[in-house]
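Residues per chain are reported as follows:
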Amino acid sequence: MPKVLISDALSDAAVQIFRDRGIDVDFQPQLGKDKEALAAIIGNYDGLAIRSATKATEKLIAEATNLKVIGRAGIGVDNVDIPAASKKGIIVMNTPFGNSITTAEHAISLMLAVARQIPEANASTHAGKWEKSRFMGVELTGKTLGVIGAGNIGSIVIDRARGLRMKVVAYDPFLSEERATELGVEKLELDALLARADFITMHVPLTDQTRNILSRENIAKLKPGVRIINCARGGLVDEEALADAIKSGHVAGAAFDVFAEEPATESPLFNLPNVVVTPHLGAATTEAQENVALQVAEQMSDYLLTGAVTNAINMPSISAEEAKVMGPWVALAGHLGNFVGQMTDEPITAINVLYDGQVSGMNLQALNCSVIAGIMRKVNPDVNMVSAPVIAKERGIKISTTRQDQSGAFEGYIKVTAVTAQRERSVAGTVFSDGKPRFIQIKGINIDAEIGQHMVYTTNDDVPGIIGLLGQTMGDNDVNIANFTLGRSAKNGEAIAILYVDDAVPEKTLDKLRATGKFNQVKALEFDMA
Ligand SMILES: NC(=O)c1ccc[n+]([C@@H]2O[C@H](COP(=O)([O-])OP(=O)(O)OC[C@H]3O[C@@H](n4cnc5c(N)ncnc54)[C@H](O)[C@@H]3O)[C@@H](O)[C@H]2O)c1
Ligand SMILES: O=C(O)[C@H](O)COP(=O)(O)O
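Residues numbered from 1 in each chain as written. Chains lettered and ligands numbered in written order. Predicted model: local features only at pLDDT ≥ 70, side-chain atom pairs only at ≥ 80, totals over all residues.

This next bit is on the sheet that holds strand β12 (residues 275-277). Read from one edge to the other, the open sheet built from seven strands follows the order β8-β7-β6-β9-β10-β11-β12, with strand pairing classed as parallel. Looking along the sheet, the strands with just one partner apiece sit at the ends: β8 (186-187) and β12. Two strands pair when backbone bridges link them, and strand β6 (residues 144-148) and strand β9 (residues 199-202) are joined in this way by four bridges, in the parallel orientation. Looking at the pairing, I148 lines up with M202 of β9. (Pairing = 2+ DSSP bridges. Helix = DSSP H or I, 4+ residues; strand = E, 2+ residues; numbered from the N terminus.)

As structure tokens, this is what we get:
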């Protein structure tokens, strides 16, 4: 039974879902803040469910010897070392929509709060002062809101702001003109937005491109009297420079939910007039927490129990339905990759995969991952569909995919070609209606070979006596043959044989075949049939 650890404050809904799905779940929300204690037990778990307090660093991931999936109940995954997880074959998934409305509403609340100085007026009124003339606000109607990042949350903010009769402009290099028109926003370059906006709200992830996007230099370009809202991530805005701009009166106010350092116990923005701050509450509503907890628990359970992949950051999605239909083809893709991987001793520079017939309509990205994992298994036995593409990329291996629908004798097949500086090596296979994978062509020679855990592959010149020699040698050395397949390019041309045997064949037995001088190549092959 798979084991999942919840190391952050997730709604009880998640615990219930895991239990209902038959997963052993430990709810230890205090561990998100205790990295040593977490590292000490992470090795026991197949899944880790988190929010933003748990830091899934390279160090923690190194201890996670059984971990298969990290599920982020929320959107931002900047607390997870994705390259380290991918390299280790761990899927990282998030819940990209579960808290977007709630977060957009928080951004709008902060905008209203900073426009009307509500927190300060509230504190003053509670203190028994009646400072009616102290708190003079600004109206939102007719003002220009600049939205930086018009994705899921940004789009909801745009919709709500238009409802408040604001003019909305957006900066997002990935926003198409069509989408901008649909949203009712004017698309601007960053500098133009900085110069025009009366309010600016941030809705981008923290990346190398967005870090410090409101730098000291960009803050100097802001329209005087602007108010800044950051409900996305700390690190997007230079807090020190913004504090200076507020003190100088250039910026009229700011409302921040997120900080460069969290938990934030100090910040240059703290205790400044007209700065509203909340402790990363963007996603903190019962509705959003229930949504993300349910979603992450369902997604993680699906993956651990059925192999279905949803909302993964480092792997193409595979629905539960697809996982069922594609299962045998994913296995075949892995065997084909494994075959060329085992046959190739020199560095592979490119992998070409041809999908023909029925299989060409499937999720080829996922099948490619399986081919690459099969090939890489020779280099790294722990590789899987998540880590293999990362390793292939590091090695500069180019992957190309061809899709066609010309399959004749078979309903569909996959052909994998590994290219090296010296040669190209290819193998094709199909899945029969019984769900069993078969090799159907090696080096362009047609065959029909059932695939098993232990196999022997030989090539020779097409002359009489080879079958007897193979059978005799295996028999004399106590090797039981389950299946024996032959093929040849032409009469007296090149011939190949594939033996599917009950146990791994010792090298000394293969040496006896080599010693006959009748074979050009003799190789034992191993396939993972799990
Ligand atoms: N405060 C909170 O509690 C809270 C809650 C949820 C999400 N968030 C944060 O909000 C962020 C946005 O969430 P989302 O669901 O809208 O994400 P999203 O991926 O749907 O949208 C992000 C948008 O940013 C744009 N973008 C990327 N790079 C950019 C760049 N260099 N310049 C301008 N735009 C760029 C993208 O094109 C995309 O449209 C998340 O990454 C997360 O960090 C915070
Ligand atoms: O990225 C997110 O989803 C938000 O930052 C929410 O974070 P939290 O789950 O820690 O509240």
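Once the structure has been displayed, the description carries forward.
Structurally, Q521 is set in strand β22 (residues 519-526). Apart from residues lying up to four places away in sequence, Q521 is in contact with T458 and T459. (Contact = placed C-beta atoms within 7 Å.)

How two helices sit against one another is set out by the angle between their axes and by the gap between those axes. Put simply, helix α1 (residues 12-20) and helix α12 (residues 286-306) touch, their axes get as near as 8 Å, and they point 25° apart. Of the possible angle classes, the one that applies to α1 and α12 is roughly parallel. Crossing of α1 against α12: the hand is right-handed. Mapping the contact onto sequence places A13, A14, I17 and F18 in α1 and E290, A293, L294, V296, A297, E298 and S301 in α12. Among the residues forming the contact of α1 with α12, the class breakdown is eight nonpolar, one polar and two charged. (Axes fitted to C-alpha atoms, helices over the stretch in contact; angles between N-to-C directions. Parallel < 35°, antiparallel > 145°, perpendicular 65-115°, else oblique. Left-handed = near helix turned anticlockwise from the far one by under 90°. Nonpolar A, V, L, I, M, F, W, Y, C, P; charged D, E, K, R; others polar.)

On to the UniProt feature "domain: D-isomer specific 2-hydroxyacid dehydrogenase NAD-binding" (unreviewed entry) in the chain, then. Mapped onto the present numbering, the UniProt feature "domain: D-isomer specific 2-hydroxyacid dehydrogenase NAD-binding" (unreviewed entry) falls on residues 108-282. The span residues 108-282 is 33% helix and 17% strand, and its two end C-alpha atoms sit 11 Å from each other. (UniProt positions renumbered as here; feature names shortened; annotations may be inferred.)

Counting 96 residues, the largest nonpolar core has A14, A49, I90 and I414 as the members making the most contacts within it. Broken down by element, this core gets its largest block of residues, nine residues, from helix α13 (residues 320-343). Discounting chain neighbours no more than four positions away, the residues touching I90 are I61, A64, L67, K68, V69, I70, A85 and V386. (Core = buried A, V, L, I, M, F, W, Y, C linked by C-beta atoms within 7 Å. Buried ≥ 20, exposed ≤ 12 C-beta atoms within 10 Å, placed from the backbone.)

Moving on to the site of ligand 1. Looking at ligand 1, there are 31 residues lining it, with G76, G149, G151, P205 and G282 nearest. Only α5 (100-116) and α7 (152-163) provide two or more residues apiece to the shell around ligand 1. Of the residues that constitute the shell around ligand 1, the class distribution is 14 nonpolar, 14 polar and three charged. Taken together, domain 1 (3-97 + 287-306) and domain 2 (100-277) each give at least three residues to the shell around ligand 1, which thus spans both. (Near = placed C-beta within 6 Å. Domains from an automatic or database assignment.)

We now examine the domain arrangement of the chain. Along its sequence, the chain is carved into domain 1 (3-97 + 287-306), domain 2 (100-277), domain 3 (316-437) and domain 4 (452-525). For domain 3 versus domain 4, the distance between C-alpha centres works out to 25 Å.

What follows deals with the UniProt feature "domain: D-isomer specific 2-hydroxyacid dehydrogenase catalytic" (unreviewed entry) in the chain. Here, UniProt's "domain: D-isomer specific 2-hydroxyacid dehydrogenase catalytic" (unreviewed entry) annotation points to residues 4-314. A distance of 20 Å separates the end C-alpha atoms of residues 4-314, which is 37% helix and 16% strand.

What follows covers the pairing of strand β11 (residues 251-256). For β11, a buried count of five out of six residues is recorded, marking the element as mostly surrounded by other parts of the structure. Pairing of strand β10 (residues 226-230) with β11 involves five bridges; the strand directions are parallel. Residue pairing for β11: N230 is matched across the bridge by F256. As for the winding sense of the linkage, the β-α-β connection from β10 through helix α11 (residues 239-248) to β11 is right-handed. In the sheet, β11 pairs with β12 via three bridges, with the strands oriented parallel. Bridge pairing in β12 links A255 to V276. (Right-handed = clockwise from strand over helix to strand, strands pointing away.)

Another aspect to go through is the packing of α5 against α7. Between α5 and α7, whose axes approach to 8 Å, the crossing angle comes to 50°. The angle between the axes of α5 and α7 places the two elements in the oblique class. Relative to α7, the crossing made by α5 is right-handed. Between α5 and α7, the residues in contact are S100, I101, T103, A104, A107 and I108 and N152, I153, I156, V157 and R160, respectively. For the contact of α5 with α7, the class distribution of residues is seven nonpolar, three polar and one charged.

Pairing of strand β17 (residues 437-442) with strand β18 (residues 445-450) involves four bridges; the strand directions are antiparallel. From the neighbouring strand, Q441 faces β18, where its bridge partner is N446.

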